[in-house]
Amino acid sequence: MNARHDASYKHLFSSPKVVQHLIEGFLPAEGLGWLDFSTLEKVPASYVSEDLRERADDVIWRVKTGEDWLYLYLLIEFQSSVDPWMAVRLLTYVGLLYQDLIKGGQIKGRRLPPVLPIVFYTGEAPWSAATDIAELLPQDPPETLAKYLPRLAYVLIDENAYSDETLAGLKNVVAATMRLKRQQRPQDLARLTAALHSWFAGDVELERLLTVWIREYLLRDLRPELDVPEAHDLGEITMQLAERFKQWEREVKTEARLEGRLEGRLEGEALLLQRMLTRRFGPLPEWAQQRLRSASSEELETWADRVLDAQRLEDVFGR
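Residues numbered from 1 in each chain as written. Predicted model: local features only at pLDDT ≥ 70, side-chain atom pairs only at ≥ 80, totals over all residues. Heavy atoms only, no water.

## Describing the overall build of the protein chain
Part 1 of the argument: Assigned secondary structure in the protein chain consists of twelve helices and five strands.
Part 2 of the argument: Out of the 319 residues belonging to the protein chain, those deemed buried represent 42%.
Part 3 of the argument: Contacts in the protein chain between residues far apart in sequence, at least 24 positions, make up 63% of those at least 6 positions apart.
Part 4 of the argument: Accessible area for the protein chain stands at about 18300 Å²; split by element, carbon and sulfur atoms hold 52% of it. (Helix = DSSP H or I, 4+ residues; strand = E, 2+ residues; numbered from the N terminus. Buried < 20%, exposed > 50% of the residue type's maximum accessible area, 1.4 Å probe, protein only. Contact = heavy atoms within 4.5 Å. Areas by Shrake-Rupley, 256 points an atom, 1.4 Å probe, with all protein chains shown as cover.)

In structure tokens:
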């Protein structure tokens, strides 16, 4: 995926409201304890891994659960192939996050805050990688060794694993992006954007975020053939998609009429040539009739030029 894909998703998850939608719609919230969403706070991912590549793709938030902070480590994966070592990567990233918090003086006392690793997967291939590092380690290690093995699991949000019915039941920005990507026809896309415009009416921030995501990612990269001009809100995009659909209908009808005329002209030329060949060579065998039925305009013209000089039917068709 290119940088614009990356930026569009990072922009989407830069909003505390979208992060709240993610938690409420796709995480086992009942097991997280009481979360105070008013405390959602973005954490800068400023640390650098050992190979000196900054983890700029990651989005990290923290939210108060009681008196403590819970860190949400959101890793956005655009790759279409599945990384079988994702659990190992996350173990490294969480360790780097802890180091960064310690260096920055964010740790009070001697206990680290809990971190919930989340993989938001947008690829096409079904996710098959282990979601717990224990699945990658020896299954029956010696008892003395077992307690020293690392432990880490992550929450997988695989957008293709959710049915349309499930997503439709969530009036949720994150679910909306998943549904928007699945629409194949412009009229369906326009219908869904109209529904989203109705759902999020009055929430200027969510409308703006969705509009940017639709314009920068969905229309320019996934569906560039729609060729929709820039829009500033969901209502404007809905109208533009509806107008684009009407234009498509007109183009399709025009093409159909032209194709119909062409097919009719070819059929007439083929029948005329068949009569000429029959008068010259008698009833036509099946192979000759088949050639006439499937011929292009150029072939019919070439064969017609050969009728008068040909000594045999085969000479007409170049056999």
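## As for the confidence of the model for the protein chain
Part 1 of the argument: Chain-level statistics for the protein chain give a pLDDT mean of 79 and a share of 79% at 70 or above.
Part 2 of the argument: No element of the protein chain has a lower mean pLDDT than helix α9 (residues 234–281), which averages 67, and none a higher one than strand β5 (residues 155–158), which averages 92.
Part 3 of the argument: Contacts for the low-pLDDT stretch residues 48–53, under 50 throughout, to residues beyond four places or in other chains number four contacts. (pLDDT = per-residue confidence, 0-100.)

## A short note on the pattern of salt bridges
Part 1 of the argument: Evaluation of the coordinates by the stated rule reveals nine salt bridges.
Part 2 of the argument: Residue Glu 159 pairs with Lys 181 through a salt bridge whose shortest N-O separation is 2.7 Å. On the criterion of sequence distance, the pair formed by Glu 159 in the loop between β5 and α5 (164–168) and Lys 181 in helix α6 (residues 173–182) is long-range, its members being 22 residues apart. Like Lys 181, Glu 159 is buried.
Part 3 of the argument: Linking Arg 293 and Glu 286 is a salt bridge whose minimum nitrogen-to-oxygen distance equals 2.7 Å.
Part 4 of the argument: What you see here is one network of salt bridges that share partners, running through Lys 17, Asp 203 and Glu 205. (Salt bridge = Lys/Arg side-chain N within 4 Å of Asp/Glu carboxyl O.)

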